Amino acid sequence: MRVIINIPEEIKQTLDNYLFQNRLEQGSFLFAVYKESAEEIIFDVIDQYTVPRKGWQVQSSVHLELKDTERAKIMKLARDKKCALIDCHSHIQLDRYATFSPSDRAGISEFSGYVKWKLDGKPYIAMVFNETSVDAVGWIGAFDN
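Residues numbered from 1 in each chain as written. Predicted model: local features only at pLDDT ≥ 70, side-chain atom pairs only at ≥ 80, totals over all residues. Heavy atoms only, no water.

A.B. asks: When you look at the pattern of salt bridges in this model, what are you seeing that I'm missing?
C.D. replies: If you walk through the whole model with that rule in mind, you get 7 salt bridges. A salt bridge links Asp47 to Lys81; the nearest nitrogen and oxygen atoms lie 2.6 Å apart. Placement of Asp47 in strand β3 (residues 40-50) and of Lys81 in helix α2 (residues 68-81) is noted, with a sequence separation of 34 residues between them. Here Asp47 falls in the partly exposed class, since its relative accessible area comes to 29%. Overall, the relative accessible area of 30% leaves Lys81 in the partly exposed class. In this structure, the salt-bridge partner of Asp80 is Lys76, at a minimum N-O distance of 2.8 Å. Of this pair, Asp80 and Lys76 both sit in helix α2, 4 residues apart, which is roughly one turn of that helix. (Salt bridge = Lys/Arg side-chain N within 4 Å of Asp/Glu carboxyl O. Helix = DSSP H or I, 4+ residues; strand = E, 2+ residues; numbered from the N terminus. Buried < 20%, exposed > 50% of the residue type's maximum accessible area, 1.4 Å probe, protein only.)

A.B. asks: I keep staring at the nonpolar core and nothing clicks. Help me out?
C.D. replies: If you look at soluble globular proteins, the nonpolar side chains tend to sit buried side by side. Core analysis: the largest hydrophobic core is formed by 37 residues, its most contacted members being Val51, Ile74, Leu85, Ile86 and Tyr124. Mapped onto this core, the elements with two or more residues apiece are α1 (9-19), β2 (27-36), β3, β5 (64-66), α2, β6 (84-90), α3 (102-118) and β7 (124-129). Looking at which element gives the most residues to this core, the answer is β7, with 6 residues. Every residue in contact with Tyr124, bar those within four places of it in the chain, is listed here: Leu85, Asp87, Ile108, Phe111, Ser112, Val115, Val137, Gly138 and Trp139. (Core = buried A, V, L, I, M, F, W, Y, C linked by side-chain atoms within 4.5 Å. Contact = heavy atoms within 4.5 Å.)

A.B. asks: What am I meant to see in the side chain of Asn130 here?
C.D. replies: Within the secondary structure, Asn130 sits in the loop between β7 and β8 (134-139). On the basis of relative accessible area, Asn130 is assigned to the buried category, the value being 4%. Separated by 2.8 Å, the side chain of Asn130 and the backbone nitrogen of Ser133 make a polar contact. (Polar contact = N/O pair within 3.5 Å; in protein donor to acceptor, adjacent residues only side chain to side chain.)

A.B. asks: Whenever I open this one, the pairing of β7 confuses me. Can you help?
C.D. replies: Sheet faces and side chains relate simply in a regular strand, where the side chains alternate between the two faces. Among the 6 residues of β7, 6 are classified as buried, and the element is accordingly described as predominantly covered. Side chains Tyr124, Ala126 and Val128 of β7 all project onto a buried face; the interleaved residues Ile125, Met127 and Phe129 project onto the opposite face, where all are buried too. Looking at chain direction, β6 and β7 are connected through 6 bridges and run parallel. By the bridge assignment for β7, Leu85 is matched with Tyr124. Turn length for the β7-β8 hairpin, with the two strands adjacent in sequence and antiparallel, is 4 residues. (Pairing = 2+ DSSP bridges.)

A.B. asks: Would you mind going over the packing of aromatic side chains with me for this structure?
C.D. replies: Describing an aromatic ring pair means giving the distance of the ring centres and the angle of the ring planes. Scanning the entire structure with this criterion turns up 6 aromatic pairs. Where Phe111 meets Tyr124, the ring centres are 5.6 Å apart and the plane angle is 75°; that geometry is what we call edge-to-face. Of the two residues, Phe111 is situated in helix α3 and Tyr124 in strand β7; the sequence distance between them amounts to 13 residues. No difference in accessibility class separates Phe111 from Tyr124, as the two residues are buried. An aromatic cluster is present here, built from Phe29, Phe111, Tyr114, Trp117, Tyr124 and Trp139 joined pairwise through their rings. Over the ring of Phe31 we find Lys81; its NZ or CZ atom is 5.7 Å from the centre of that ring. Directly above the ring of Trp117 sits Lys118, whose terminal nitrogen or CZ lies 4.6 Å from the centroid. (Phe/Tyr/Trp six-rings, centres within 6.5 Å; stacked < 30°, edge-to-face > 60°. Lys NZ or Arg CZ within 6 Å of the ring centre and 35° of its normal.)

This is how it looks when you write it as structure tokens:
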């Protein structure tokens, strides 16, 4: 299945500025409406939420962990908007290509189950950005961890 994510230029610029504001990992969430066919699913991003510094339990140059209250706030925003969730975070690294770390893979796999439950099975996409590339993984349809 082909996946297309359309991010309006204004939101993309805000996202880039936020993710690469300093040498700490940053995280932001995109809210998207979506259309699905047998061949593809198209996500149209309609809004964004950037996590404030006080929203992190842990924030360093190599690790992010949301506070429970922030996680609940993000899920409420997505439910109220009736949107799929796109989880974005930055890796400030010298590697050529953006890739999920082992702790990223564990964290987003666990988080996907929470999203499925809270958003009634709506799609969930996780994306990691570095300054030159992006990597993504998605949970669409009847997904399991």
